[in-house]
Amino acid sequence: MQRPGKGKTPRRLGPKKPSSVEKDPVGVYCRIRPLGAEDEECCVEMISSSTIQLHAPDGLKANRNGEYKETQYSFKKVFGISTGQLELFEDVAKPLVEDLIHCKNGLLFTYGVTGSGKTYTMTGSPGEGGLLPRSLDILFNSIGPYQAKRYVFKPDDKNGMEIQSQVDALLERQKRDSQPSVPKTPSSRQKADPEFADMISSKEACKFENVDEDCGYSVFVSYIEVYNNYIYDLLEDAPFDPIRPKPPQSKILREDHNHNMYVAGCTEVEVKSTEEAFEVFWKGQKKRRIANTQLNRESSRSHSVFTIKLAQAPLDADGEYMLQDKNQVNVSQLCLVDLAGSERTSRTRAEGNRLREAGNINQSLMTLRTCMEVLRENQMCGTNKMVPYRDSKVTHLFKNYFDGEGKVRMIVCVNPKADDYDETMLVMRFAEMTQEVEVARPVDRPICGLTAGRRHRNQALKDELTRRLEERGGPINPDDPGLLNQLIESLPPLPPCELVDPADDQTLPRLIEALERRQQIRQMLAEQFSKTAARVKSMIQQFDSQLNAKETFLFDQQSKLGEKDKVIINQRAELERLEKKSKTLEYKVDILQKTTDMYEQDKRSLQQELETREQRLQRELSDRRRMEQRMQGVMTDTKLKWEKECERRVNAKQLEMQNKLWVKDEKLKQLKAIVTESSSSGGFSVERPEHPTRPSRERDRNVAQKRSASPSPLPTAPPVRPTHRRSQSAGGEKWVDHKPASNLDLDTVMQPIIPNAITVSTPSERALSKCHKYVLRHQELASDGEIETKLIKGNVFKTRGGGQAVQFTDIETLTQECPTAPSRKRRSGSAERPANIDDIENRAPLPSSSQGYQKRRKP
């Protein structure tokens, strides 16, 4: 189905799952009803036999700013306003009835807006029978000669059929006739109601020719309605109480052993003719709920389902009786559904019950639409979403048809008047989507292995016997003279008895001899007869005596049996009493068991909850302990770190303040010396003032001794050149001396010597595990262009994970300077001072751990 009026981006479909099951799309047909008046505006136009076009009415164009919009929809076939009921039946319902005879299920439902002609299409009117009476007529015309006796097929109340013999069927019929409370099946001998007797004319009657004549058939019909999402049986004969009438009881849906849905407790009536079936339908139709609304004088307020169930079983090998095998019974059904029309309460002005009914009708139709959408998405996109059949009784009842239990066909009834344009548009969209849903093709039922033509041969044999009996003038008689003739012919033949010569002496002796032989045979037969008669008589007497003895024995046994019956009755009464008591005790035990199970379940749930909470508490406690340990370690590390950092900062600040104070004192002394020299430069020899001494750094040296074993520079000591220096690393601990391969060899005299050291180019866990200290030699370019070496020291300790870690504690910086290089610092007033005055900052450094002055820095 296509809608060329508005272009849409095609949806990207997912990969379809490969399936070997053959599927057919749902057959969707469209029928247009005539307008009520000739001057009404029409919004539907039939373009071809499979396409219609919707025109927006004039008022709707004005509301949409004059936009003229047309939409086309395609169907399997479109039936115009001049289409008769017979043509519609030939194209839509007749193939479903043929499938019904061949053991295949079918579903046909009408769908549309209220007042669009759905009920007329399904039921029809006198002279114009709808799909339902025509389906019944062609069915009975086809299987009429092959129908089984009434009650041979019997429903088992579980959506199946049982088969019984003709004797049992006759007893069943007598039993039902003797019970006035049981609803009797309408008889075909009664005169048909003229209201539906003329539904189908004799000229339009038809039948199928390819019916299997070696089977027996029976037709059962049922009629239900779905009102406010409840199922009611329209054929149920409820007792009428004029004082306190009881409302009808709703039915429930069940699933049989073949996973097919059926209405439990639904009345199924066996019918033998079209008139009987339509009489049953009319009986239920009078109970169906209809009401008068603003849009329809007789609006259906419920969904009706008329089910035609056909049971068939093969004949035996003689073609006389049906096989008494339940597995050979095939049951197929055709559901004719008249859906209630969708309506808008703004147009119908429904209130109270009518409003509730309209809401339930629209809700069930919306559920049907949702199921179709999910089926279409699952088939086209390869998804596996659950179809919401159970949201409505209508979709739940027919879910087997959409799962592949039969053909599905839908007739969309359209009212072409302009007032129904919006509702008709929604109906067209639903039909467009439904036509894309595919249903699995039903498989053929297995065929019985008996020879075909059994019924025909049996009938031919009966006809031949009847003909022969009629020729003989009656039934076969034991005193028939033919038997006597056969007996006479078995005797020896008589010789010729004609005498022509008086002297003939041969003819008479031959005749006498033949008669003597016959006499002997007769005597022998008489003796045999006498012996046989005597033997039979003795046997009869013996049987008579035995019979008397048996009768006597039987009388005795009957008397004993009477006594036993009394005992059995007493025991049965006692057994019933004990059974009732046992049932009572079992009921009490069940109650106690349920109570115990409930308490046990509560106990297990509480124990599980207690165990869960205990486990959670243990986990929380362990997490809390781990967190406490972790926080204590972090707090200890942080505390040590900040203590060292504070000590370093205090020492650095003190050293900085001492240096500043020393610089100020030196400048003040220099200024004082210059002033003194300028005042006494006349003739006095002024002694050179003593060189100002730097403030004592004893405290700094004490702090340094804690960190490094290298000697600090002394301003007054003479230069000393020892062959090596002792570093702080020269303790009793073992060290890991990390010398990267990228370091350069400076060839200096003063080199740090670390005893008990393991020299590595790359640190490893194995080397760290054997030592307590760690030192890294790092080289970088200083600001004066010389290479500066840093000794980064740390302690080695084990981690919680079993590895090794290093905590850095100190850094020693080793620099080298050229003694002849000019000083980079510029002193104020240095040009006026004598050359032999030594400046403490420009003076050559004293020997230390390297060729230059050692600077101490901390990280």
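Each value, and the rule that gives it
Sequence order as written defines the numbering, with residues in each chain counted from 1. Whole-chain, interface and lining totals are the exception, using all residues; otherwise, since this is a predicted model, local features are given only for residues with pLDDT of at least 70 and side-chain atom pairs are given and counted only at 80 or more. Water and hydrogen atoms were dropped before computing side-chain values, which therefore reflect all heavy atoms in the structure. Here pLDDT means the predictor's own confidence in every residue, given as a number from 0 to 100. Contacts: residue pairs with any heavy atoms within 4.5 Å of one another. Think of each axis as a best-fit line through the C-alpha atoms, taken over the contacting stretch in the case of a helix, with angles from 0 to 180 degrees between the N-to-C directions. Strands here are runs of E lasting at least two residues and helices are runs of H or I lasting at least four, both read from the DSSP assignment and numbered beginning at the N terminus. Any angle that falls under 35 degrees is termed roughly parallel, while one over 145 is termed roughly antiparallel, one within 65 to 115 roughly perpendicular, and all others oblique. In a left-handed crossing the near helix is turned counterclockwise from the far helix by less than a right angle, and in a right-handed crossing that turn is clockwise. All amino acids are sorted into three groups, where Ala, Val, Leu, Ile, Met, Phe, Trp, Tyr, Cys and Pro are nonpolar, Asp, Glu, Lys and Arg are charged, and the leftover types, Gly among them, are polar. Between any two strands, pairing holds if DSSP finds at least two bridges. By this rule the span expected of a helix is its residue count minus one, scaled by 1.5 Å. When accessible area is computed with a 1.4 Å probe and restricted to protein chains, residues below 20% of their type maximum are described as buried, those above 50% as exposed, and intermediate ones as partly exposed.

Caption draft 1: Representation of the confidence of the model for the chain. Here the chain averages 78 in pLDDT, and 77% of its residues register 70 or above. Confidence drops under a pLDDT of 50 for residues 682-730, and excluding neighbours within four residues, the segment shows 81 contacts in the predicted structure. Low pLDDT, under 50, characterises residues 823-859; the stretch is placed with 77 contacts to residues that sit more than four places away or in other chains.

Caption draft 2: Quick peek at the packing of helix 5 (residues 131-143) against helix 8 (residues 274-285). Close contact between helix 5 and helix 8 brings their axes to 9 Å; oriented N to C, the two are set at 150°. Accordingly, the angle class assigned to the pair helix 5 and helix 8 is roughly antiparallel. The handedness of the crossing between helix 5 and helix 8 comes out as right-handed. The segment helix 5 lies against helix 8, with Leu132, Pro133, Leu136, Asp137 and Phe140 engaging Thr274, Ala277, Phe278 and Phe281. Here the residues of the contact of helix 5 with helix 8 sort into seven nonpolar, one polar and one charged.

Caption draft 3: Layout of the sheet that holds strand 4 (residues 51-55). Strand order across the open sheet formed by three strands is 3-4-5, with antiparallel pairing between neighbours. Each of the sheet's edge strands pairs with one partner strand only, and the pair in question is strand 3 (44-48) and strand 5 (70-74). Strand-to-strand, the axes of this sheet are offset by a mean angle of 25°, without reference to chain direction. Sheet analysis places strand 3 next to strand 4, joined by four bridges and oriented antiparallel. Within strand 4, the position partnered with Val44 by the bridge is Leu54.

Caption draft 4: Spatial organisation of helix 10 (residues 353-381). In this model helix 10 runs 42 Å from its N-terminal to its C-terminal C-alpha over 29 residues, within 8% of the 42 Å that 1.5 Å per residue would give. Once helix 10 ends, the next one or two residues include Gly382, with phi positive near 75°.

Caption draft 5: Up close: unusual backbone geometry. Despite not being glycine, Tyr151 shows a phi value in the positive range, around 70°. For Tyr151, the position within the fold is in the loop between helix 5 and strand 10 (153-155). Judged by relative accessible area, which is 10%, Tyr151 ranks as buried. A positive phi angle, near 65°, is found at Asn159, a position not held by glycine. Here Asn159 lies in the loop between strand 10 and strand 11 (161-163).

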